[in-house]
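Residue-level structural notes
As a plain string of letters, each chain reads:
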Amino acid sequence: KAMTQAMHQHLFHARVQETACRLFGRFVYLNMVRAEDILPTVADAMRRHSSHLGMQESALQFFLCRGDRFDGKVFESGVEVDGLSAIVMETMREHLDHREIQLKGCRWFGKFAGNSEDVSHPLGKEGAVVASVVAAMKHYELDRGIQTFGCDALQHLAMRFPACRDQIRTQGGVELLQKTMSNFSTDSLLRSYARSALDVLAL
C-alpha cells in the first residue's frame, strides 16, 4: 500500500515508478500481493513514462512475473481491460534498439497468445501483434533469446488467431522462421518452436 501511494504521489518521477514496478514484480511472484490491485497503477506509469527505458523494462517484468505466478485465466481477468498488450506493442515499436524490452515483449506475447482463450480478441483478429514480434526478430536475428521467445510467440499466435497466420505470411514470417532455424541449427528448443509455427502456417 505504501508503494502504491508513493507512485500516486510521484506520478512524474520516473525512477520512483521504475523502482516500485520492479519491487511489485517480485512481490507478485512471491504471492505477497494481489497483482490485480496493482495492475492499473503499473499500466498508468507505463503510459505516463513511455520514453523512460528503465520504467518500461520494469513494467514489462511486472507483467511477466504476473503471468508466471498465475494460471492462464490471469490473461482474461484484467490484462486486456487495461489494454496492456497494446501498451507492450507501442513500447516495442518505440524502443526497437533496446534488447531487454524486445526480449520481454516477445516473451509477453508468447504468454498472451498461449494462455488466451479469447480467439476473437481484437489484437489477435487484426494480427497487429505480429508486426512487433517480427520486427524484434529481424532486428536481432542472431540473438538466441529474442529468437527463441519470438518463435514461441509466433507459434502460439499462429495456432490461436487466423488473422495472425495471414500477417505472419504477409510480413515474411515463414522465411524468417526458416532463417532462424538455419542460424540456430543446434538449438532444439528454438527449432521446435519454429517448426511448430511453420507446420501451422503450412495448413
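For the structure, check the block above.
Report on the accompanying structure. Since we're looking at a predicted model, the values are computed, not measured. (Residues numbered from 1 in each chain as written. Predicted model: local features only at pLDDT ≥ 70, side-chain atom pairs only at ≥ 80, totals over all residues. Heavy atoms only, no water.)

**Here we look at the overall build of the protein**
- Assigned secondary structure in the protein consists of 12 helices and zero strands.
- Ordered by position in the sequence, the α and β elements of the protein form the string α-α-α-α-α-α-α-α-α-α-α-α.
- Counting only residues that meet the buried cut, the protein has 49% of its 203 residues in that class.
- Considering only contacts in the protein between residues 6 or more positions apart, those separated by 24 or more positions represent 71%.
- Carbon and sulfur atoms provide 52% of the accessible area of the protein, an area that totals close to 9400 Å². (Helix = DSSP H or I, 4+ residues; strand = E, 2+ residues; numbered from the N terminus. Buried < 20%, exposed > 50% of the residue type's maximum accessible area, 1.4 Å probe, protein only. Contact = heavy atoms within 4.5 Å. Areas by Shrake-Rupley, 256 points an atom, 1.4 Å probe, with all protein chains shown as cover.)

**A look at helix H9 (residues 144-160)**
- The end-to-end C-alpha distance of H9 is 24 Å, a good match for the 24 Å that 17 residues give at a rise of 1.5 Å each.
- What H9 keeps buried is the set Ile146, Gln147, Thr148, Gly150, Cys151, Asp152, Ala153, Leu154, Gln155, Leu157 and Ala158.
- N-capping of H9 is provided by Asp143, with a side-chain oxygen placed 3.1 Å from the backbone N of Gly145. (Expected span 1.5 Å × (residues − 1). Polar contact = N/O pair within 3.5 Å; in protein donor to acceptor, adjacent residues only side chain to side chain.)

**Digging into the packing of H9 against helix H10 (residues 162-170)**
- Where H9 meets H10, the closest approach of the two axes is 5 Å, and the angle between their N-to-C directions is 130 degrees. As far as their axial angle goes, H10 and H9 are oblique. Here Leu154, Leu157, Ala158, Met159 and Arg160 of H9 come into contact with H10, specifically with Pro162, Cys164, Arg165 and Ile168. (Axes fitted to C-alpha atoms, helices over the stretch in contact; angles between N-to-C directions. Parallel < 35°, antiparallel > 145°, perpendicular 65-115°, else oblique.)

**Points about the environment of Gly173**
- Here Gly173 lies in helix H11 (residues 173-183).
- In this structure the C-alpha to C-alpha distance between Gly173 and Val133, which are 40 residues apart in sequence, comes to 9.7 Å.

**Re the pattern of salt bridges**
- Tallying each qualifying case throughout the model produces eight salt bridges.
- With its nearest N and O atoms 3.2 Å apart, the salt bridge here joins Lys104 to Glu100. Taken together, the positions of Lys104 and Glu100, both in helix H6 (residues 99-115) and four residues apart, correspond to about one turn of that helix.
- The exposure class of Lys104 is buried, given its relative accessible area of 10%.
- Glu100 gets classed as partly exposed once you look at its relative accessible area, which sits at 25%.
- The network of salt bridges with shared partners includes Arg99, Glu100, Lys104 and Asp143. (Salt bridge = Lys/Arg side-chain N within 4 Å of Asp/Glu carboxyl O.)

**Describing H11**
- Buried within H11 are the following residues: Gly173, Leu176, Leu177, Thr180 and Met181. Looking straight down H11, one finds its buried side chains confined to an arc of 135 degrees; they lie on one side.
- Those residues of H11 hidden inside the fold are in contact with helix H8 (128-139), H9, H10 and helix H12 (188-201). (Arc of directions from axis to C-beta.)

**Things to note about the nonpolar core**
- With 47 residues, the main nonpolar core has Phe63, Phe109 and Leu177 as its most contacted residues.
- Ignoring any residue separated from it by four or fewer positions in sequence, one finds Phe109 in contact with Ser85, Val88, Met89, Met92, Val129, Ser132, Val133 and Ala153. (Core = buried A, V, L, I, M, F, W, Y, C linked by side-chain atoms within 4.5 Å.)

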